[in-house]
Amino acid sequence: MLKFLKSIRILLWMLVLVGVGCLVGWQVMAKLRQAEANLRSLETETEVTYPVETEIIKTSNWETWRSYYGQAKSAHTQNITTYEREIVKSVNVDIGSIVKAGQTLITLQVADRSARVQAGKTSYDEAKLNYNRLKQLNAKGGISQSEVDSAYAAMKSAEAALKSSQSTLQRTSLKASINGIVSVRNVEPGEVAEAGAVLLSIVDPKEMEAELMVSKKDIAKINKSTPVEIYVDGVKHIGWVKRISPEAQTGSGLYPVVVGLPENSGILPGTYVEGRFQVARQNNVVVIPSNVVIYRGNSQSVYIADGSRAKHVEITTGEGREGRVIVTSGLKPGDKLITSGNRVLFDGVSITQNVGLANNNSQDSNEG
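Residues numbered from 1 in each chain as written. Predicted model: local features only at pLDDT ≥ 70, side-chain atom pairs only at ≥ 80, totals over all residues. Heavy atoms only, no water.

A.B. asks: What am I meant to see in the overall build of the chain here?
C.D. replies: In terms of regular secondary structure, the chain is built from four helices and 22 strands. Counting over 368 residues, the chain shows a buried share of 35%. Across the chain, contacts joining residues at least 24 apart in sequence account for 75% of those joining residues at least 6 apart. Accessible surface, the chain as shown: approximately 22,100 Å² in total, 54% of it carbon and sulfur. (Helix = DSSP H or I, 4+ residues; strand = E, 2+ residues; numbered from the N terminus. Buried < 20%, exposed > 50% of the residue type's maximum accessible area, 1.4 Å probe, protein only. Contact = heavy atoms within 4.5 Å. Areas by Shrake-Rupley, 256 points an atom, 1.4 Å probe, with all protein chains shown as cover.)

Now the structure itself:
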């Protein structure tokens, strides 16, 4: 009996100890929960919120332009030459002179040519007289037909020589065949003009064109419908493709492309110009400011607004220029791109934002 009572007493003490332990444990857990709540409240009260600016991303079109260089020239030119070596009698124009079609520009000596015409006329008259005489004799049976035929051939030869000398005499007055301005003068009165040498050059400034030298990588992308912009001293003119050479220029490996220039553009022959060709166009691409891209090693990333938090997003970029760059992966239309204040952010940080709308009308232009 005594042993039983002792066991009961021990059991009661154990229950008391367990109860006390549970009470102490509950009080400890309650205090820990209160401490955690207090810590969370303190963190909430002391959390830093970063002000940022955002753009709502939308798709746009992206044009790729290439720049190439060349010189302006007149689409219509005339080089004044002589057919024979002759002495220049007079030059009626100078560099800068405005001329009209049909106007006499240079006069050559005519003395020798007049003598040739007179001698040719005499030879032709004698050959014609001889032919008529032999023709009459043949009709009377005095000579053979072969002699008449030989006289006829001689007459025709003399006639051709006369016409040639007459034509040469007419070419002593060298005339303009187009309206324009004299751009080159290589001869003075009294000098000997060599056959085929350029004595004067005339250009028509009303219709101008530019010859641009294009690289192999872009020549296949250019055709007559390719948009072209011509720049002279920072002023833009709209041009158009007129001709494309299928053969590269010897030595340079560049392909000549002739571009028409607008009338009354004020571009003078010989002016160096920059031509920009649109060689590619991409539709519905994501384009963002290049200064928001963060580079870490080989990775590229940006921050976007995810509710009231900043979210770190890795991206892949493509072509870029003038402060804009194509994003090929990582972003989609509708994302809120953080464009200002992103350099101090980290993933999940609290932000307040001013929202704008991304303007992505962009072009890419690289020099050739």
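Following the structure, the description resumes.
A.B. asks: Hey, could you run me through the pairing of strand β19 (residues 324-329) in this one?
C.D. replies: Side-chain direction in a regular strand flips from residue to residue, so the side chains alternate between the two faces of the sheet. In this structure, strand β15 (residues 272-289) lies alongside β19, joined through four bridges in antiparallel fashion. The partner of V287 across the bridge, within β19, is I326. With four bridges joining them, strand β18 (residues 309-321) and β19 adopt antiparallel strand pairing. Bridge pairing in β19 links T316 to S329. Counting the residues between successive antiparallel strands, the hairpin from β18 to β19 contains two residues, one of them, E322, with a positive phi of roughly 55°. (Pairing = 2+ DSSP bridges.)

A.B. asks: Looking at this structure, how should I read the sheet that holds strand β10 (residues 200-203)?
C.D. replies: The pairing of strands in a sheet comes from backbone hydrogen bonds and takes either a parallel or an antiparallel form. Reading across the sheet, the four strands line up as β3-β10-β8-β5 and stay open at both edges, with antiparallel pairing between neighbours. For this open sheet the edge positions go to β3 (77-80) and β5 (98-99), each flanked by a neighbour on one side alone. Examined bridge by bridge, β5 and strand β8 (residues 180-185) share two bridges and lie antiparallel to one another. Looking at the pairing, V99 lines up with G180 of β8.

A.B. asks: Teacher, can you tell me more about unusual backbone geometry here?
C.D. replies: When glycine is set aside, most residues are seen to have a negative phi, and most peptide bonds are trans. The phi dihedral of D233 is positive, around 55°, even though this residue is not glycine. Examined against the element boundaries, D233 turns out to sit in the loop between β12 (228-232) and β13 (235-244). When its relative accessible area of 78% is taken as the criterion, D233 is described as exposed.

A.B. asks: What exactly am I supposed to notice about the pattern of salt bridges here?
C.D. replies: Any two side chains of opposite charge can pair, on the condition that their charged atoms come close. Under the defined criterion, the tally for this structure stands at 15 salt bridges. In this structure, E322 and R321 form a salt bridge, with 1.6 Å as the shortest nitrogen-oxygen distance. Sharing partners across several salt bridges, the network here consists of K73, E207, E209, E211, K242 and R243. (Salt bridge = Lys/Arg side-chain N within 4 Å of Asp/Glu carboxyl O.)

A.B. asks: Whenever I open this one, a nonpolar patch on the surface confuses me. Can you help?
C.D. replies: Where nonpolar side chains cluster on the molecular surface, the patch consists of I8, L12 and L15 and spans about 280 Å² of accessible area. Structurally, L12 can be placed in helix α1 (residues 2-46). (Patch = residues over 30% accessible without salt bridge, like charges linked within 9 Å, V, L, I, M, F, W, Y side chains within 5 Å.)

A.B. asks: Where do I start with the nonpolar core in this structure?
C.D. replies: Within soluble globular proteins, side chains that are nonpolar tend to cluster in buried spots. If you look at the biggest cluster of nonpolar residues, it comprises 20 residues, and the most contacted ones within it are I230, V273 and F277. For this core, the secondary-structure elements that each account for two or more residues are β2 (59-74), β11 (208-214), β12, β14 (255-260) and β15. For this core, the element with the most residues is β11, which contributes four residues. Ranked by size, the runner-up nonpolar core spans 17 residues in total, among them L105, I106, I178 and I202. (Core = buried A, V, L, I, M, F, W, Y, C linked by side-chain atoms within 4.5 Å.)

A.B. asks: Hey, could you run me through the sheet that holds strand β9 (residues 192-193) in this one?
C.D. replies: Strand order in the open sheet formed by four strands is β7-β6-β4-β9, with antiparallel pairing between adjacent strands. Sheet topology places β7 (173-175) and β9 at the edges, where each strand pairs with a single neighbour. Where strand β4 (residues 86-91) meets strand β6 (residues 104-108), three bridges bridge the pair, whose relative direction is antiparallel. Looking across to β6, one finds that V91 is bridged to I106.

A.B. asks: Looking at this model, I keep getting lost on the side chain of T226. Mind explaining?
C.D. replies: Looking at where T226 falls in the secondary structure, it is placed in the loop between α4 (216-219) and β12. Taking the relative accessible area as the measure of exposure, T226 reaches 7% and is therefore buried. A distance of 2.8 Å separates a polar side-chain atom of T226 from the backbone nitrogen of N223. Leave out the neighbours within four places in its chain, and T226 touches K221, V241, F277 and Q278. (Polar contact = N/O pair within 3.5 Å; in protein donor to acceptor, adjacent residues only side chain to side chain.)

A.B. asks: Teacher, can you tell me more about the confidence of the model for the chain here?
C.D. replies: In regions of low pLDDT, the predicted coordinates are not meant to be interpreted in detail. Within the chain, residue pLDDT values average 84, and 84% of them lie at 70 or more. Contacts for the low-pLDDT stretch residues 359-368, under 50 throughout, to residues beyond four places or in other chains number 35 contacts. (pLDDT = per-residue confidence, 0-100.)

A.B. asks: What should I look at first to understand the packing of aromatic side chains in this one?
C.D. replies: What characterises a pair of aromatic rings is the spacing of the ring centres plus the angle enclosed by the ring planes. The tally for this structure, following the rule as stated, stands at one aromatic pair. Between Y68 and F277, the aromatic rings sit 6.4 Å apart at their centres with planes inclined by 55°, giving tilted as the arrangement. Highlighted residues: Y68 in strand β2 and F277 in strand β15, separated in sequence by 209 residues. Note on Y68: relative accessible area 3%, which makes it buried. (Phe/Tyr/Trp six-rings, centres within 6.5 Å; stacked < 30°, edge-to-face > 60°.)

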